[in-house]
Protein chains: 2
Amino acid sequence: MSALPGVKALVFDVFGTVVDWRSGIARDARTFLARHGKADVDPHAFADAWRKRYQPAMEEVRSGRRPFTRLDVLHRENLDGVLRDHGIDAAGIAAEELDWLNRAWHRLDPWPDTIPGLIRLKARHFLAPLSNGNILLLANMAKRAGIPWDAVLGAEAAQAYKPQPEAYLRTAEILGLKPEQVALVAAHNGDLAAARKTGLKTAFVLRPTEHGPHQATDTRAEQDWEVVANSFEDLADRLGC
Amino acid sequence: MSALPGVKALVFDVFGTVVDWRSGIARDARTFLARHGKADVDPHAFADAWRKRYQPAMEEVRSGRRPFTRLDVLHRENLDGVLRDHGIDAAGIAAEELDWLNRAWHRLDPWPDTIPGLIRLKARHFLAPLSNGNILLLANMAKRAGIPWDAVLGAEAAQAYKPQPEAYLRTAEILGLKPEQVALVAAHNGDLAAARKTGLKTAFVLRPTEHGPHQATDTRAEQDWEVVANSFEDLADRLGC
């Protein structure tokens, strides 16, 4: 007996829920910083600083002040700012090297339970990302890490950034499903709340170290989500997969 | 030594090149026709009649007379017309049953060499469809048949139908590549000619029975395409995969 009756597709938040962005960005930032005489910079703090610019950059698009711009471009612009804050002038660095670091977002590793859980879930559900990442980013990540998506939807398809309602509703429409036939899996209460408002079902998966060992947000389910799980394998158990 | 130096992504025409649409549509049409007292209708002729309405329906979109409309919708409209031509009134048939037949386009089988060839090609290239099919159609087809795409691009992403130049150019852009870093694999000389005009590289794969045993079109390469192959396995051989 499934905890999500009538649900045909599971769609997933990616950064933090499927993959561990903080460790992955820190890994490649460490290499980059050492090469540029900044081995003293904490690469995890660098990752946090880069991520901190994520929401404000998307807000320019959500507000309509800027036309839809894909995340690879926003990440690259934000990188210039983070480097500047750390005393590094991006203008003095080869474009290929900056692009390599920017593509660290394509090279993030899944949490250890992600792939085993998705393989089980895939037998009974249609699986796709519902991420603010662009198609290329998500597809490169999936190819490298072996993430078994049935379709790699990216923000280009919806032309909207979560938590805008269009991001959820257009995803359901592309999948040919009613909102209540789609469930969002996410480690973030805010994402789930926005999805629920548009009619999607919701599954919370706890990721207690997304923001490092002292994480203070999203440490528990803050609403009565249809499913609450501790890992993707636990989610598969709860969905009877 | 690859026959396509500098090419990072292979993108594929799907209907006819990757899958055998005529046999698949005939298989499900046979079931449908028998159920509605029309067992005398040749299901392959029915498939051909349905397919014949494909280009005119897309031409309404290409010309700008109609806003972008995904292929599932065009197929469904065309089905009403084909049924009418065969003396069947779609209004008298349950919507679920018509939708089942319409989704025969999601249930097409690959040619026998398709999957073995794609698995070999995938080790060295990024693989994606470049089809007029919509994302859901292509993703359902891939899930059912085990087609190992790295990204399921659909016509929604480009918002254009081949052979419009935008269909090719926006695909390259989504993949973060220059047109010459992308090669189209197709069984149709016209599709390859349009791709070449936009700067893509080209690979012709012969599919001599796409239109049945008496096929008269696309029986040979009509230009000096970068690669000419007899199957996807032959293509993998020629690309050194």
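- As annotated in an unreviewed UniProt entry, chain A carries the name Haloacid dehalogenase type II and is attributed to Neoroseomonas marina.

**Description of the pairing of strand 3 (residues 182–186) of chain A**
Residues and elements named next belong to chain A.
- Burial within strand 3 is extensive, with five of its five residues counted as buried.
- Covered by surrounding structure in strand 3 are Val182, Leu184 and Ala186 together with Ala183 and Val185, the residues of both alternating faces.
- Bridge analysis of strand 1 (residues 9–12) against strand 3 gives four bridges, and the strand direction is parallel. Paired with Phe12 across the strands is Val185, a residue of strand 3.
- Alignment of strand 3 against strand 4 (residues 201–205), held across four bridges, turns out to be parallel. When the bridges of strand 4 are listed, Ala186 appears paired with Phe204.
- This β-α-β element, strand 3 to helix 10 (residues 189–197) to strand 4, shows right-handed connectivity.

**A short note on unusual backbone geometry**
- Omega for the bond connecting A:Lys162 with A:Pro163 falls within 30 degrees of zero, at 5 degrees, which places this linkage in the cis form.
- Considering the arrangement of structural elements, one finds A:Pro163 in the loop between helix 8 (155–158) and helix 9 (165–174).
- A positive phi angle, near 55 degrees, is found at A:Asp218, a position not held by glycine.
- Here A:Asp218 is to be found in the loop between strand 4 and strand 5 (227–229).
- A relative accessible area of 17% places A:Asp218 in the buried class.
- With phi around 55 degrees, B:Gln159 is a residue other than glycine that occupies positive phi space.
- For B:Gln159, a relative accessible area of 45% gives the class partly exposed.

**Quick look at the sheet that holds strand 3 of chain A**
Residues and elements named next belong to chain A.
- Spatially, the five strands line up as an open sheet ordered 2-1-3-4-5, and their pairing is parallel. This sheet does not close on itself; its edge strands, each paired only once, are strand 2 (126–129) and strand 5. Strand-to-strand twist of the sheet, defined as the mean angle between neighbouring strand axes without regard to direction, takes the value 20 degrees.
- Note that strand 1 and strand 2 share four bridges and pair parallel. Of the residues in strand 2, the one forming a bridge with Leu10 is Leu127.

What counts, and at which threshold
Residues numbered from 1 in each chain as written. Chains lettered and ligands numbered in written order. Predicted model: local features only at pLDDT ≥ 70, side-chain atom pairs only at ≥ 80, totals over all residues. Heavy atoms only, no water. Buried < 20%, exposed > 50% of the residue type's maximum accessible area, 1.4 Å probe, protein only. Helix = DSSP H or I, 4+ residues; strand = E, 2+ residues; numbered from the N terminus. Pairing = 2+ DSSP bridges. Right-handed = clockwise from strand over helix to strand, strands pointing away. Axes fitted to C-alpha atoms, helices over the stretch in contact; angles between N-to-C directions.

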